[in-house]
Amino acid sequence: MILQAEHLTFSYRRRKQECILQDYSLSITSGERVGLRAPSGRGKTTLCRLLAGYEKPQQGKVLLNGKALSSFRGVCPVQMVWQHPETVVDPLLQLGVTLNEAGKPEERLLKELHIEEGWLKRYPSELSGGELQRFCLARALHPDTRFLLCDEITAMLDLVTQAQIWNFLLEEGKQRDLGMLIVSHDDALLQKVCTRIETLP
Amino acid sequence: MKPQNQRRNTILFLIVTAGVLILITAAGMLLKDQAVQTNFARKNLAPSREFLFGTDWMGRDMFARTLAGLSLSIRIGLLTAAVSALIALILGTACAVLGRAADAVISWWIDLMMGIPHILLVMLISIACGRGFTGVVAGVALSHWTSLARVIRGEVLQLREAPYILTASKLGVSKMQIVKNHMIPHLLPQFVTGLILLFPHAILHESSITFLGFGLSSEQPAIGVILSESMRYLTTGRWWLALFPGLSLVCVVMLFALLGERVAKLLNPASAHE
């Protein structure tokens, strides 16, 4: 499978003149781990949102195996893991409910992400950012997911947890032949986990 | 000693308050006949053990009249607040869901309604609808939805763009499921609180336009009617005709306001764990 961004141009509604991305192209094939590096405010998160279908580009298109991403129904094969996990879980729902919303994830995933049984009954305000991020990962690694976009997913974690999560993701990615886009400010991390590194203009 | 449980105390308070209000409503409905009974043998009596609130110039028991009036006010308040809240819910959601043009039109309409003094608007609508019961209900119901509609609009707009809802739909969760699991639990507290806090406004406005003579007709035992009639007798020293009905109206309104405040505290996720 191949995920392609073709000549994307995007600007936010309020600032029509400044394009945050202009004529940008990128392609990721299954099994590839593409690192993305750029200073703050250059559109890394925006690119992820475009690739995952959260925003529509003004020009250009996002294609998955040659078909428009928006034509896929049901679970989107491109899933994004956000930088701030606390905004991606409903504050009024127990995490177990949030987690099972799109079908029950495999037991194995929960075990390998070190999600404890007791956390499922808690509310998001009762867990830390790192703990919530594990839930987001477990949810994003739905069986139908083919591409995973990781937007600074470990920026707020300590080194040990960071290593734990990346080891797991690399292993999982290899097993399932996932394509990944990894956004980070941490060059050492990108060197370590990516097969190729891109920079935004 | 057991530590005070704020949540349990609040729930207890809510039950007691709601109970008192229901009791007043029921008692007023039962005392309706007694409220209009005239007896010229006992006119203009000061408050005593037999007639708690005294009697008026036609010998009617003011206690029964006050209760009947409050009951009528509460029932009108319930009706108008419910209608108002429904309008607010529909228009607020329409604003957020139907796109930019609809939003602009409805928001402009809300601003326009809020720009006109409330009491004036209620009076105009009431007169246009032929006064009486219909006039009052239409007047109050059609003028009180604005602020709640605005709150709901904001809430729905915010929810639609919330990352957790966007993510859920990316994960293939259906629209109905999203509305049921994510939207309603966030909207309901706002809506219920708004609804209860509409009561005091509705009741006060109903009484004030009745007092001014644009509302309920004078043969009905409404608080507004009682107060406006009593004005004529105040100068002759019959203070009880105005004091007790007025005081009890204030009490009922305050009970509703407290009820709304406590419910808000109980339902708001930010303070629900206090």
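Residues numbered from 1 in each chain as written. Chains lettered and ligands numbered in written order. Predicted model: local features only at pLDDT ≥ 70, side-chain atom pairs only at ≥ 80, totals over all residues. Heavy atoms only, no water.

Under an unreviewed UniProt entry, the name given to chain A is ATP-binding cassette domain-containing protein, and the source organism is Drancourtella massiliensis. Check the Sequence similarities (unreviewed entry) section of the UniProt entry for chain A; it says "Belongs to the ABC transporter superfamily." (UniProt positions renumbered as here; feature names shortened; annotations may be inferred.)

Undergrad: Describe the overall build of chain B, with residues and values.
TA: A count of helical and extended segments in chain B gives 11 helices and zero strands. Along the first, second and third principal axes, the C-alpha atoms of chain B reach 80 × 60 × 25 Å. Among the 274 residues that make up chain B, the fraction classed as buried is 47%. Partitioning the intrachain contacts of chain B with sequence separation of at least 6 by distance along the chain shows that 68% fall at a separation of at least 24. (Helix = DSSP H or I, 4+ residues; strand = E, 2+ residues; numbered from the N terminus. Buried < 20%, exposed > 50% of the residue type's maximum accessible area, 1.4 Å probe, protein only. Contact = heavy atoms within 4.5 Å.)

Undergrad: Break down the packing of helix H3 (residues 62-97) of chain B against helix H9 (residues 175-212) of chain B for me, with residues and values.
TA: Residues and elements named next belong to chain B. Orientation of H3 relative to H9, taken along the N-to-C sense of each, is 130°, at an axis distance of 8 Å. As the angle between them shows, H3 and H9 are arranged oblique. As for how H3 packs across H9, the hand of that crossing is right-handed. When H3 is examined against H9, the residues Ser73, Ile74, Ile76, Gly77, Leu78, Thr80, Ala81, Ala82, Ser84, Ala85 and Leu89 are found in contact with a partner set consisting of Phe191, Leu195, Leu198, Phe199, Ala202, Ile203, Glu206 and Ser207. Across the contact of H3 with H9, the residue classes break down as 13 nonpolar, five polar and one charged. (Axes fitted to C-alpha atoms, helices over the stretch in contact; angles between N-to-C directions. Parallel < 35°, antiparallel > 145°, perpendicular 65-115°, else oblique. Left-handed = near helix turned anticlockwise from the far one by under 90°. Nonpolar A, V, L, I, M, F, W, Y, C, P; charged D, E, K, R; others polar.)

Undergrad: I'd like to hear about the sheet that holds strand S8 (residues 179-183) of chain A, residue by residue, with values.
TA: All names here are of chain A. On the basis of which strands lie adjacent, the open sheet formed by five strands has the order S6-S7-S8-S3-S9 and parallel pairing. The strands lining the two open edges of the sheet, one partner per strand, are strand S6 (78-81) and strand S9 (196-199). With direction set aside, neighbouring strand axes in the sheet form an average angle of 20°. Both S6 and strand S7 (residues 147-151) contribute to a ladder of four bridges, which runs parallel. When the bridges of S7 are listed, valine 78 appears paired with phenylalanine 147. (Pairing = 2+ DSSP bridges.)

Undergrad: Any details on the pattern of salt bridges? Residues and values, ideally.
TA: When their charged atoms lie close together, side chains carrying opposite charge are able to pair. All names here are of chain A. What the rule picks out here adds up to 11 salt bridges over all chains. Salt-bridge contacts for arginine 37 lead to aspartate 187; the nearest nitrogen and oxygen are separated by 2.9 Å. A residue pair is termed long-range when its members are at least 10 positions apart, and arginine 37 in strand S3 (residues 33-37) and aspartate 187 in helix H6 (residues 187-193) qualify at 150 residues. Residue aspartate 187 is classed as partly exposed on the basis of its relative accessible area of 36%. Glutamate 198 is paired through a salt bridge with arginine 196; the nearest N and O atoms lie 2.6 Å apart. Assessed through its relative accessible area of 23%, glutamate 198 is described here as partly exposed. Beyond isolated ion pairs, a larger network of salt bridges with shared partners links Glu106, Arg108, Glu112, Glu172 and Arg176. (Salt bridge = Lys/Arg side-chain N within 4 Å of Asp/Glu carboxyl O.)

Undergrad: Help me get a handle on the confidence of the model for chain A, residues and values and all.
TA: Mean pLDDT over chain A stands at 88; residues scoring 70 or higher make up 99%. Taking the mean pLDDT of every element in chain A, the minimum, 87, falls on helix H3 (residues 107-112) of chain A and the maximum, 93, on S8 of chain A. (pLDDT = per-residue confidence, 0-100.)

Undergrad: So what about the interface of chain A and chain B? Which residues, and what values?
TA: Contacts between the two partners involve 19 residues from chain A and, on the opposite side, 15 residues from chain B. For the pairing of chain A and chain B, the buried interface totals around 1700 Å² over both sides, and the portion due to carbon and sulfur atoms is 63%. Contact with chain B buries area across many residues of chain A, yet Tyr54, Leu92 and Glu101 of chain A alone supply 31% of it, more than any other trio. Along the contact surface separating chain A from chain B lie zero salt bridges. Counting across the chain A and chain B interface gives six residue pairs in polar contact (both at pLDDT 80 or more). Tallied by class, residues from the side of chain A that touches chain B come to 11 nonpolar, four polar and four charged. (Buried area = accessible area lost by both parts, 1.4 Å probe. Polar contact = N/O pair within 3.5 Å; in protein donor to acceptor, adjacent residues only side chain to side chain.)

Undergrad: Go over the side chain of threonine 146 of chain B, please, and point to the residues and values.
TA: Residue and element names in this part refer to chain B. As for its position among the elements, threonine 146 is in helix H7 (residues 146-160). Judged by relative accessible area, which is 4%, threonine 146 ranks as buried. When sequence neighbours within four positions are dropped, the list of residues in contact with threonine 146 reads Ile110, Met113 and Met114.

Undergrad: Provide a residue-level description of the pairing of S8 of chain A, including the pertinent values.
TA: Residues and elements named next belong to chain A. With respect to burial, S8 is a largely interior element, five of its five residues being buried. Going residue by residue along S8, you find Gly179, Leu181 and Val183 tucked away on one face and Met180 and Ile182 tucked away on the opposite face as well. With four bridges connecting them, S3 and S8 associate as parallel partners. Bridge pairing in S8 links arginine 33 to methionine 180. Looking at chain direction, S7 and S8 are connected through five bridges and run parallel. Within S8, the residue paired with phenylalanine 147 across the bridge is glycine 179. This β-α-β element, S7 to helix H5 (residues 159-176) to S8, shows right-handed connectivity. (Right-handed = clockwise from strand over helix to strand, strands pointing away.)

Undergrad: Please give an account of helix H6 (residues 132-141) of chain B that cites residues and values.
TA: Residues and elements named next belong to chain B. In terms of burial, H6 is a largely internal element, eight of the 10 residues being buried. Buried within H6 we find Gly132, Gly135, Val136, Val137, Ala138, Gly139, Val140 and Ala141. On its buried side, H6 packs onto H3, helix H5 (118-128) and H9.

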